[in-house]
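Now for the letters of each chain:
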Amino acid sequence: MSRIPVYEPQLGGNVSTYVNECLTSGWISSRGQFIARFEDAFAGYVGCESATTVANGTVAIHLALEALGIGPGDEVIVPSFTYIASVNTIIQTGATPVFVDSIDQTLQVDPSLVESAITDRTKAVLIVHLYGHPCDMDRLTEICRKQKLFLIEDCAEAFGSMWNGKHVGTFGDAATFSFFGNKTITTGEGGIVLARDAAVMDRCRSLKSQGVSKTREYWHDMLAYNYRMTNIQAAIGLAQLELADGFLRRKAEVAAFYAEELAGLPARMHGPVGNVTHSYWMCSLILDDANKRDHLRRFLHEQDIETRPFFPMAHKMPHCRTSQVLPIGESLSERGLNLPSFPALTDAQLAQICSSVRSFFLNFEG
Ligand SMILES: Cc1ncc(COP(=O)(O)O)c(C=O)c1O
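Residues numbered from 1 in each chain as written. Predicted model: local features only at pLDDT ≥ 70, side-chain atom pairs only at ≥ 80, totals over all residues. Heavy atoms only, no water.

Chemist: Sorry, what's going on with helix H3 (residues 57-67) here?
Modeler: Spacing of three or four residues puts side chains on the same side of an α-helix, whose turn is 3.6 residues. Burial analysis of H3 places ten of its eleven residues in the buried class, the great majority of the element. Looking at H3, one finds that the buried residues are Gly57, Val59, Ala60, Ile61, His62, Leu63, Ala64, Leu65, Glu66 and Ala67. Two or three places before Thr58, at the opening of H3, Asn56 has a side-chain oxygen 2.9 Å from that residue's backbone nitrogen. Positive phi appears at Gly69, one or two residues downstream of H3, with a value of about 85 degrees. (Buried < 20%, exposed > 50% of the residue type's maximum accessible area, 1.4 Å probe, protein only. Helix = DSSP H or I, 4+ residues; strand = E, 2+ residues; numbered from the N terminus. Polar contact = N/O pair within 3.5 Å; in protein donor to acceptor, adjacent residues only side chain to side chain.)

Chemist: What is the right way to read the site of the ligand from this model?
Modeler: Near the ligand you find 14 residues, and of these Thr58, Asp154, Glu157, Ser178 and Lys183 are the closest. At a separation of 2.5 Å, an oxygen atom of the ligand approaches a polar side-chain atom of Glu157. Take Ser178: an N or O atom from its side chain is 2.7 Å from an oxygen atom of the ligand. Elements represented by at least two residues in the shell around the ligand include exactly H3 and helix H4 (85-92). In terms of residue count, H3 provides more of the shell around the ligand than any other element does, three residues in total. The class makeup of the residues in the shell around the ligand is five nonpolar, six polar and three charged. (Near = heavy atom within 4 Å. Nonpolar A, V, L, I, M, F, W, Y, C, P; charged D, E, K, R; others polar.)

Chemist: Even after reading the chapter, I still don't get the pairing of strand S2 (residues 75-79), so can you show me in this structure?
Modeler: Looking along a regular strand, one sees side chains alternate from face to face of the sheet. By the criterion of burial, S2 is predominantly enclosed, with five of the five residues buried. Side chains of S2 alternate between two faces, with Glu75, Ile77 and Pro79 and Val76 and Val78 buried alike. When S2 meets strand S3 (residues 96-100), the two strands line up parallel, connected through five bridges. Note that in S3 the partner of Glu75 across the bridge is Thr96. Pairing between S2 and strand S4 (residues 122-128): three bridges, direction parallel. Its bridge partner being in S4, Ile77 is matched across the sheet by Val125. (Pairing = 2+ DSSP bridges.)

Chemist: Sorry if this is basic, but what is going on with helix H1 (residues 15-25) here?
Modeler: Residues of H1 that are buried: Val15, Tyr18, Val19 and Cys22. Mapping the buried residues of H1 onto a view down its axis gives an arc of 100 degrees, with all of them on the same face. Among the structural elements, helix H2 (33-46) and helix H8 (231-261) are those in contact with the buried residues of H1. Just downstream of H1, Gly26 is the residue with a positive phi angle, here 85 degrees. (Arc of directions from axis to C-beta. Contact = heavy atoms within 4.5 Å.)

Chemist: Explain the domain arrangement of the protein chain here, please?
Modeler: Reports often express the size of an interface as the amount of accessible area lost when the parts come together. Structurally, the protein chain comprises domain 1 (15-101 + 108-239) and domain 2 (244-363). Of note, the centres of domain 1 and domain 2, computed from C-alpha atoms alone, are 26 Å apart. Each partner contributes to the interface: domain 1 provides 30 residues, whereas domain 2 provides 38 residues. Between domain 1 and domain 2, the buried area comes to about 2600 Å², and carbon and sulfur atoms account for 62% of it. Looking at the side of domain 1 facing domain 2, the largest losses of area belong to Phe81, Asp101 and Tyr131, adding up to 28% of the total buried there. Our count for the contact surface shared by domain 1 and domain 2 stands at zero salt bridges. Our count for the domain 1 to domain 2 interface comes out at 16 residue pairs in polar contact (both at pLDDT 80 or more). At the level of secondary structure, the elements contributing two or more residues to the side of domain 1 that touches domain 2 comprise H4, S3 and strand S6 (162-163). (Domains from an automatic or database assignment. Buried area = accessible area lost by both parts, 1.4 Å probe. Salt bridge = Lys/Arg side-chain N within 4 Å of Asp/Glu carboxyl O.)

Chemist: Whenever I open this one, the sheet that holds strand S14 (residues 336-339) confuses me. Can you help?
Modeler: Pairing between the strands of a sheet comes from backbone hydrogen bonds, and it takes one of two forms, parallel or antiparallel. On the basis of which strands lie adjacent, the open sheet formed by four strands has the order S10-S12-S14-S13 and antiparallel pairing. Either end of the sheet is taken by a strand with one partner, and the two such strands are strand S10 (267-269) and strand S13 (308-309). In terms of strand pairing, S10 meets strand S12 (residues 283-287) through three bridges, oriented antiparallel. In the strand pairing of S12, Arg268 is matched with Ile286. Running over the sheet, H8 touches S10, S12 and S14 and is turned about 25 degrees from S12. Packing against the sheet, helix H9 (residues 290-302) makes contact with S12, S13 and S14, and its axis sits at approximately 25 degrees to S14. (Axes fitted to C-alpha atoms, helices over the stretch in contact; angles between N-to-C directions.)

Right, dumping it as structure tokens:
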């Protein structure tokens, strides 16, 4: 059998037709019908008023923070157990990230630690729905409402994830998604920003497009960026959105296959906790013993099965190191790995992966 990657995009459906429409019409930059069509379809899918596309999921977070007015002197509470873009974008505004630990079972930020990290400089809480499982949105929205803090949802990994039947991204003051090639729906590179308040949304649209005046040509109202998505990317996104329900259904089947076939090992699959829909961006295996994680990854690599380690903790990175001990996240990040998680995985490939994982534990234990 050939190598099984952790992820590969599924570019069927109307992708080629829509992209060809861009090429033949000449609308290949950041103007054209697919931008608005994708934004409207995406907003409809997640259940919010409007959305604005951007070049990737990192600038999406930066744009949301800037549009909310976060900057020097502010503190933003963020889980250390996340992809680094959630943290770098805070630093890039001039604000200070304040790291908190996560919950072992869900892998998500611990709301009680968020609450105790609040100071009089705290301006916002940036939460991350990691690997497709939602954070506890009841508690986080309550804390932010009471303390009058902005709540920003980094949903890069959580397209299709629900908290109490409501799509993530619809709880916070602002929310962002990524459409990188390994995401549940992709535009190659790409992202999108949602905001509750129309004025914040307006500011996002202006900031992403050089702050250009609505009334005067080549006049710029503020210091701003070019963070725009192209019509070609949006064309891919619209076609992907049409296929999204099928992707999510198959990803749930993939997760169920792993959960059943890998039960009883000294490891657990990351499953849903509470009234949530886990969208399984990544199917994650968390070993009891951190010392075995890299051995397992090497063993699978030798069988042509690609895996990814869990993210290292952000507060250990050179540019944002703190002396904190965040024991839950630190332990998770050393014990976890992501298994192949894309919707086109066949049952034969899944059986091969599970059999390889089981044989590793049999040999290692024996
Ligand atoms: C949690 C999280 N935030 C932000 C991003 C950044 O998205 P992008 O790679 O599109 O810039 C990612 C990307 O993988 C992510 O996983």
